[in-house]
Amino acid sequence: MLNPVDVKNLTVAYQKKAVLKNVTFTVPEGKLIGIIGPNGAGKSTLIKAVLGLIPKASGEVKIYNKKYRAKDRIVGYVPQRGSVDWDFPTSALDVVLMGRYGHVGWFKRPSKQDNQIARECLEKVGMEGYADRQISQLSGGQQQRVFLARALAQDAKVYFMDEPFVGVDAATERAIIDLLNELKSQGKTVLVVHHDLQTVKDYFDDCLLLNVETIASGPTEQVFTMENLHQTYGGKLAFLEQGKMMVEQK
Amino acid sequence: MSYEAWILIIGSMAGITCGVVGCFLILRKLSMLADAISHTVLLGIVLAFLISQSMNGLYMLIGAAAVGLLTAVFVQLLHSSGIQEDASIGVVFTFLFAIGVILITIFADNVHLDVDHALMGEIAFVPFDLVQIGFLPPLPKAFLMLASVLIINLVIIVLFYKEFKITSFDPQMAAAIGIPVLLIHYLLMGMVSITTVASFDSVGAILVVAMLIAPGASAYLLTNKLSVMLLLSAVFGVIAAVVGYYAASYIDASISGCMAMMNGIIFLLVFLFSPSKGILSKRLPQKKLHEQIGK
Amino acid sequence: MNSIMLMLSDANTQWVLVGTLLLGLASGVLGSFALLRKQSLIGDAVAHAALPGICIAFLLTGERSLIVLLIGATITGLLSAYCIQYIVSSTIIKEDTAICLILSVFFGFGIVLLTKVQQLPSGNKSGLDAFIFGQAASIVGSDVKVMAGAAAILVFITAILFKEFKVITFDPEFAKGLGLPIGFLNFLFISLLVGVVVVGIQAVGVILMAALLITPAIAARYWTNSLSKMIVISGMFGAFSGVVGTMISALGQGLPTGPFIVVTATAIFVISMLFAPERGIIAKKIKQKIYYKQLNEAGTKGRVS
Ligand SMILES: Nc1ncnc2c1ncn2[C@@H]1O[C@H](COP(=O)(O)OP(=O)(O)O)[C@@H](O)[C@H]1O
Ligand SMILES: [Mg+2]
């Protein structure tokens, strides 16, 4: 079977600091996967390296068994919040429409149909009422929904989302998770950087535990163990007590 | 065509082309890099002259575009070696500009270019500097250069509108969907360079910065749509050029200086009175609110 | 060699050298703080904005007295710095755009005034255009005393407020917690910056003055990680550039001073960037090689905790 994401011995260094070392994992198709690890573990770096946004020192990355090229348009990406210019003269709908740019191609304008798709995506995240708002005039959770809608508009097969739940209220988090499950049911694969250990078991079929190296990867119930968390998070005791409760919770 | 009409046409064309290019500079936070390039093209022009021994506009465009891009590359190099961006810009442009000034003074006898002219431009003489191409009537050189650059810029912006837009708004996303972000960056820098050179004769190296940045900054405060911002910026550029010219003839002072001042005045008006983002309109609702609470 | 000796024995040249030396020192010192506060380019805007102030002062008084011109320059310089901060704090316009806007508009206004000055019968020989590129040769003994005095005062104030400036530069919130008058200190710093720019424009010119703030400071950063050492080194680099640049420009007829000072400073910067121990590019490359080798040999644990 074809694996959507296949990473072998990936090493990435910024200047003289190795941020990822020999990271190896594969991801099965049609699953919701959590990428979990402490701050600075290299989660964002991993996504960027897989997408080819930063150079890798060594290793191999395959998307559906091929070297990834952006023009294949099978990967959607929701960057960590704050990477955009919120004062940019653009509306919510316009942002979602940008998700279509990869499909539109050089020299052409987005078509009526692209516009239609963008509107539908905005509806899916419950933001149709805000289509013409300038994006700085939306709340944090609303902005996150708009960026999710933009990813939907990309109509990809594999999605990478970097901390989509940060700064989002419980209702929005629920709405986002429902949407991710819908994507999953359409056979898409979604990788999500996630911080809240309490919900890992609820949300994700598979997990990748990461701290510079791969600690473990595979089905959540096998991988999300006390011992692995210990390795991932090091000696943060109070934190781990909490972790214990969560592991035993189910 | 009359002398005055030529100046107005040439000034307006500079206003449009600078205004449109400037919007992207503002949105990409590259204003200072444009300022730097507008200084360093002086070196490009001097070098083009020293190498080709002629004042041919084409050589100048090439020389300026080359040094302009070189400026952008040097800044990028210093920045990626760990120097903060504003300082990288400061080091690079002052150095290249200093070299340009030194070359001009050393070769002062054979360079038909004096520094004051380069800095302040002399739009007043532009209508007299005619060239003839094919069977067209003789046209001012500055007009031909600005017209070509305006067309080039507009074509590039129309063709790559959405690429410019997304690389300005969200460069990470742009890279992820396979848009060559760096290429777009240098394309913009190239546009800035040729725009500067073409406007150089008329408005001079430093005042071209006012024409690049001020109209876009005013437009930025008036709209939430990129296409409207571009349009408004071009309109402001034209207004500043036209009113600036009449103001200059009225007070008998530097035309390009007056155009820059007009740009400043337009910005000031927008800054005060913009319906959504002006400082007065921001004050008003608060005042109303206070009054209501007071009741 | 002979010509240099001859030049150095000239009394006026000696004065000018003392002036540019002190100027380089002061701008190196204040430039270091400006760099760390990310305000280097505000210095650029202030320098350009000095031009209208100089012209207004001349138009009002009708005479070319350095002190009067410098007072005019200080007023418009401060005004420009204030405008930049006001635009940034009250609109969505970002700092780089605000700097550019103010710089070019003020300079345009300056050019307009300069054309008016040149139309005056006394204006033609006013030599105000020397302010654009700097002409150290036009500096006379009395000017130097003003320059040197002002530069010395600026360095002195910076020295006695060193630790306060250090704290507000590094961590303004923390400084507030210490009970320092942040607003006043910021204003004072901007005023000092305006002061050094204004003092320098006659020798270096409004367009290139920024280099004297930025380049020596950046060069000094390569040699040390300590702020106090950085400031001393930067001051020395600035002083050296001032002296060498002035001497080169004095060798030829009518050569402007500013560009040669800038080229000297840039040469020091390039040497520092390449060869400084520890932080220089070459030293870093060597270290990186060694590190990669280690990385490949030992599978060292590098997890974050
Ligand atoms: N552009 C960069 N230059 C240098 N180091 C970086 C850069 N981006 C991230 N890092 C470092 O790489 C490590 C991993 O960062 P990141 O992937 O953002 O972590 P995470 O997303 O897991 O919190 C951190 O130690 C961070 O300091
Ligand atoms: Mg991250």
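Residues numbered from 1 in each chain as written. Chains lettered and ligands numbered in written order. Predicted model: local features only at pLDDT ≥ 70, side-chain atom pairs only at ≥ 80, totals over all residues. Heavy atoms only, no water.

Under an unreviewed UniProt entry, the name given to chain C is Manganese transport system membrane protein MntC, and the source organism is Cytobacillus horneckiae. The annotation that UniProt attaches to chain C under Sequence similarities (unreviewed entry) is "Belongs to the ABC-3 integral membrane protein family." What UniProt records for chain C under Function (unreviewed entry) is the sentence "This protein is probably a component of a manganese permease, a binding protein-dependent, ATP-driven transport system." (UniProt positions renumbered as here; feature names shortened; annotations may be inferred.)

Visitor: Just to check I follow, could you spell out the overall build of chain C for this structure?
Guide: Helix and strand counts for chain C stand at 14 helices and zero strands. In chain C, the order of α-helices and β-strands from amino to carboxyl end is α-α-α-α-α-α-α-α-α-α-α-α-α-α. A globule of 305 residues ought to have a C-alpha radius of gyration of about 19 Å, and chain C, at 21 Å, matches this closely. Considering chain C as a whole, with its 305 residues, one finds that 53% of them fall into the buried category. The long-range share in chain C, meaning contacts at least 24 apart out of those at least 6 apart in sequence, stands at 72%. (Helix = DSSP H or I, 4+ residues; strand = E, 2+ residues; numbered from the N terminus. Rg over C-alpha atoms; globule rule 2.2 N^0.38 Å. Buried < 20%, exposed > 50% of the residue type's maximum accessible area, 1.4 Å probe, protein only. Contact = heavy atoms within 4.5 Å.)

Visitor: Even after reading the chapter, I still don't get the sheet that holds strand β4 (residues 58–63) of chain A, so can you show me in this structure?
Guide: Sheets are built from strands that pair by backbone hydrogen bonding, the pairs being arranged parallel or antiparallel. All names here are of chain A. Reading across from one edge, β2-β1-β4-β5 is the order of the four strands in this open sheet, with antiparallel pairing throughout. One side of each edge strand has no neighbouring strand; the edge strands of this open sheet are β2 (17–27) and β5 (66–67). Both strand β1 (residues 5–14) and β2 contribute to a ladder of seven bridges, which runs antiparallel. Looking at the pairing, Val12 lines up with Leu20 of β2. Most of the contacts of helix α1 (residues 43–50) go to β1, to which it runs at about 115°, and overall it touches β1, β2 and β4. (Pairing = 2+ DSSP bridges. Axes fitted to C-alpha atoms, helices over the stretch in contact; angles between N-to-C directions.)

Visitor: How should I be thinking about the coordination of the magnesium ion (ligand 2) in this particular structure?
Guide: Surrounding the magnesium ion (ligand 2) are the protein donor atoms A:Ser44 (OG) and A:Gln80 (OE1), at 2.0 to 2.7 Å. Residue A:Ser44 is located in helix α1, and its partner A:Gln80 is located in the loop between β6 (75–78) and α2 (92–98); the two are separated by 36 residues in the primary sequence. (Donors = N, O, S within 2.8 Å, 3.2 Å for Na, K, Ca; no water.)

Visitor: Would you mind going over the site of ligand 1 with me for this structure?
Guide: All names here are of chain A. Within the structure, ligand 1 sits among Tyr14, Lys17, Val19, Pro38, Asn39, Gly40, Ala41, Gly42, Lys43, Ser44 and Thr45. Between a nitrogen atom of ligand 1 and a side-chain N or O atom of Tyr14, the distance comes to 3.4 Å. A distance of 2.8 Å separates an oxygen atom of ligand 1 from a polar backbone atom of Gly40. Considering ligand 1 on its own, with 560 Å² of exposed area, one finds that the protein chains cover 63% of that surface. Where the shell around ligand 1 is concerned, the elements lending two or more residues are β2 and α1. (Near = heavy atom within 4 Å. Polar contact = N/O pair within 3.5 Å; in protein donor to acceptor, adjacent residues only side chain to side chain. Areas by Shrake-Rupley, 256 points an atom, 1.4 Å probe, with all protein chains shown as cover.)

Visitor: Before we go on, may I ask you to explain the confidence of the model for chain A in this structure?
Guide: Segments scoring low in pLDDT should not have their predicted coordinates read at a detailed level. Here chain A averages 86 in pLDDT, while 92% of its residues score no lower than 70. Mean pLDDT in chain A bottoms out at helix α10 (residues 237–249) of chain A, which sits at 60, and peaks at strand β8 (residues 189–193) of chain A, which reaches 95. (pLDDT = per-residue confidence, 0-100.)

Visitor: Looking at this model, I keep getting lost on the pattern of salt bridges. Mind explaining?
Guide: Opposite charge on two side chains lets them pair, provided their charged atoms get close. Applying the stated criterion across every chain, the model contains 13 salt bridges over all chains. Note that A:Asp6 is salt-bridged to A:Lys8, the shortest N-O span being 3.9 Å. Its salt-bridge partner being A:Asp85, residue C:Lys94 comes within 4.0 Å of it at the nearest N-O pair. Taken together, the positions of C:Lys94 in the loop between α4 (66–90) and α5 (95–119) and A:Asp85 in the loop between β6 and α2 put the pair across two chains. (Salt bridge = Lys/Arg side-chain N within 4 Å of Asp/Glu carboxyl O.)

Visitor: Mind showing me how you'd approach the pairing of strand β9 (residues 206–211) of chain A here?
Guide: Regular strands place side chains that alternate from one sheet face to the opposite one. Residue and element names in this part refer to chain A. Along β9, six of the six residues are buried, which leaves the element largely enclosed by surrounding structure. Side chains of β9 alternate between two faces, with Asp206, Leu208 and Leu210 and Cys207, Leu209 and Asn211 buried alike. In this sheet, β9 lies alongside strand β3 (residues 32–36) in parallel orientation, the contact comprising four bridges. Bridging across to β9, Gly34 finds its partner in Cys207.

Visitor: Please clarify how the sheet that holds β6(A) should be interpreted in this entry.
Guide: Residue and element names in this part refer to chain A. Strand order in the open sheet formed by six strands is β6-β7-β8-β3-β9-β10, and the pairing between neighbours is mixed. Two strands bound the open sheet, and with one partner strand each, they are β6 and β10 (213–219). Neighbour-to-neighbour, the strand axes of the sheet open up by a mean angle of 15°, direction not taken into account. The pairing of β9 with β10 spans six bridges and is classified as antiparallel. Across the sheet, Leu209 pairs through a bridge with Ala216, a residue of β10.

Visitor: Would you take a moment to explain the nonpolar core for this structure?
Guide: Nonpolar side chains in soluble globular proteins tend to end up buried together. Within the largest apolar cluster, 254 residues are counted, with the highest numbers of intra-cluster contacts made by A:Leu180, B:Leu25, C:Leu128, C:Ile201 and C:Phe269. If one sorts the elements of this core by residue count, helix α10 (residues 182–204) of chain C sits on top with 15 residues. Looking at this core, you find at least three residues from each of domain 1 (1–74 + 157–169 + 191–250) and domain 2 (83–155) of chain A. Among the nonpolar cores identified, the runner-up in size contains 30 residues, and A:Val5, A:Leu10, A:Ile63 and A:Tyr64 belong to it. (Core = buried A, V, L, I, M, F, W, Y, C linked by side-chain atoms within 4.5 Å. Domains from an automatic or database assignment.)

Visitor: I keep staring at the packing of α4(C) against α5(C) and nothing clicks. Help me out?
Guide: The geometry of a pair of packed helices is captured by two quantities: the angle between their axes and the separation between those axes. Residues and elements named next belong to chain C. Contact geometry of α4 with α5 gives a least axis separation of 9 Å together with a crossing angle of 145°. The two elements α4 and α5 meet at a crossing, and its hand is right-handed. Where α4 approaches α5, its residues Thr76, Leu79, Ser80, Cys83, Ile84, Ile87 and Val88 are matched on the opposing element by Glu95, Ala98, Ile99, Leu101, Ile102 and Phe106. Residues belonging to the contact of α4 with α5 are distributed by class as follows: ten nonpolar, two polar and one charged. (Left-handed = near helix turned anticlockwise from the far one by under 90°. Nonpolar A, V, L, I, M, F, W, Y, C, P; charged D, E, K, R; others polar.)

Visitor: What am I meant to see in unusual backbone geometry here?
Guide: Across the chain, the bulk of peptide bonds are trans and the bulk of non-glycine residues have phi less than zero. All names here are of chain A. For Asn22, which is not a glycine, the phi torsion comes out positive at approximately 50°. If you trace the backbone, Asn22 turns up in strand β2. The phi dihedral of Tyr64 falls on the positive side, at around 50°, and the residue is not glycine. With respect to the helices and strands, Tyr64 occurs in the loop between β4 and β5.

Visitor: I keep staring at the packing of aromatic side chains and nothing clicks. Help me out?
Guide: To describe a pair of aromatic rings, one takes the distance between the centres and the angle between the planes. One pass over the full model with this rule turns up 16 aromatic pairs over all chains. Ring centres 6.4 Å apart and planes at 20° place the aromatic pair A:Phe147 and B:Phe169 in the stacked group. In this pair, A:Phe147 is assigned in helix α5 (residues 140–154) and B:Phe169 in helix α7 (residues 161–169), connecting two distinct chains. Here A:Phe147 and B:Phe169 have matching classes, each one buried. Here a set of aromatic residues connected by ring pairs shows up, and it is made of A:Trp86, A:Phe88, A:Phe147 and B:Phe169. (Phe/Tyr/Trp six-rings, centres within 6.5 Å; stacked < 30°, edge-to-face > 60°.)

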